[in-house]
Structure formats: C-alpha cells, structure tokens
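Residues per chain are reported as follows:
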Amino acid sequence: MESADAVKQQVYEQFIRFLHVYESFSDTEIDHFLSIAERERIGNFPHNITAVHVIDCIGRNEPINSTAIAGKMELSKASITKIGGKLLADGLVERMQLNDNKKESYFRLTPQGKKIFDLHERIHANEAERLNRFLGKYSAGELKIIGSFLKDYSAEMELRISEGTAKR
C-alpha cells in the first residue's frame, strides 16, 4: 500500500499535467470559436475570449451596466469599459439609457452581438454535454469528492490571488 505522501505526490503531478493540458486547450478555444464563426459567416467576431464572455454576460442580463458586468465577471470596471468600447465600435453591443435613469448607460446586444451570443451558448451546451458524458464513468461518491476538491482548490487559488501570493 502506498503512503499518503506518495499519493499526494502523484496527485500533484497529475494536477500539474492537467494545468498544462488545460492551458493548451484554452489557447485553442478562441480559434475554435473563430472557425465556427467564419463557417457560419458571423463577422466582427472578437479575437479575445474575455470579450466573448462579456457578450455572454450582456446577453444573459441585458440591459446591464458596466458595474454589474464587472461584478458578475469579477473583472475591473476599467477592463469592462475598455472591452465595452471595443464591442461598441465593432457594432456588437449598443448603449442605452433606462427611462428612470438618464445618468447611467446600459448595454444590450445588437443583432450581430446576438449571433455571437447564440454561437457561444451552443458551444457551451456541447461542452457541457461532453463533460457530462465523461463524468458518467464516475460514481456519485467519486463525483462528490471531485466536486469538493475543485471547490476547495478554487477557493485556495482565489485566496492566493487576492493575497498576491499566486506566483510565490
């Protein structure tokens, strides 16, 4: 029987391998979106996955202002302002004001932005289906452990990020 330290080392090594593979996979995500968008003749597709996720956030919550987008996405308001400006210039979102609040601007998708939103939703639905099929090989007990690990380690990484120790 292996020692707990040996098993921890194996988990660590597999986790590092997972991170490297996932990083490579993530790098191809925008290329995947772009190839489908090109095939479906969707123009002005953002070349940044965060911009696609901003479109998704707007599509799910419109009308929505920059502050609310920043909060939902856990990004700075400055980042959202920059991305929002680019999406406006590309004709993917438009600004509007609500009748009861003339000071604040809200975003909503244009028809072109809606096409990107719909494509993003379809791709994520396919990925969710693929993940569910993959997870089918694990028992309910194993899935609880996997879920618990992911939740706990995500919280640990978020804490390290907030403390500025992620790279130490």
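- If you check an unreviewed UniProt entry, the chain appears there as MarR family transcriptional regulator from Paenibacillus riograndensis.

1. Re the packing of aromatic side chains
Then comes step 1: On inspection of all chains with the given rule, the structure shows eight aromatic pairs.
Then comes step 2: Judged by centre distance (6.1 Å) and plane angle (85 degrees), the ring pair of Phe15 and Phe149 falls under edge-to-face. Within this pair, whereas Phe15 is found in helix H1 (residues 4-39), its partner Phe149 is found in helix H6 (residues 140-163), the two being separated by 134 residues in sequence.
Then comes step 3: According to the relative accessible area criterion, Phe15 is buried, its value standing at 17%.
Then comes step 4: Residue Phe149 is classed as partly exposed on the basis of its relative accessible area of 38%.
Then comes step 5: On the numbers, 6.0 Å between centres and 25 degrees between planes, the contact of Phe33 with Phe45 is stacked. One end of the pair, Phe33, is in helix H1; the other, Phe45, is in the loop between H1 and helix H2 (49-61), with twelve residues separating them in the sequence.

2. Description of helix H3 (residues 66-73)
Then comes step 1: Those residues of H3 not exposed but buried are Ser66, Ile69 and Ala70. Seen along its axis, H3 keeps its buried residues to an arc of 100 degrees; they face one direction.
Then comes step 2: For H3, the N-terminal cap is Asn65; the gap from its side-chain oxygen to the backbone nitrogen of Thr67 is 3.3 Å.
Then comes step 3: Note on H3: the residue one or two positions beyond its end, Glu74, has a positive phi of about 55 degrees.

3. As for the environment of Ile123
Then comes step 1: Take Ile123: it is sitting in helix H5 (residues 111-135).
Then comes step 2: Residue classification places Ile123 among the buried residues on the basis of a relative accessible area of 8%.
Then comes step 3: For the pair Ile123 and Val11, spaced 112 residues apart in sequence, the C-alpha to C-alpha distance is 30 Å.
Then comes step 4: Leaving out residues up to four positions away in the same chain, Ile123 has contacts with His32, Phe33 and Ile36.

Thresholds applied
Residues numbered from 1 in each chain as written. Predicted model: local features only at pLDDT ≥ 70, side-chain atom pairs only at ≥ 80, totals over all residues. Heavy atoms only, no water. Phe/Tyr/Trp six-rings, centres within 6.5 Å; stacked < 30°, edge-to-face > 60°. Helix = DSSP H or I, 4+ residues; strand = E, 2+ residues; numbered from the N terminus. Buried < 20%, exposed > 50% of the residue type's maximum accessible area, 1.4 Å probe, protein only. Arc of directions from axis to C-beta. Polar contact = N/O pair within 3.5 Å; in protein donor to acceptor, adjacent residues only side chain to side chain. Contact = heavy atoms within 4.5 Å.

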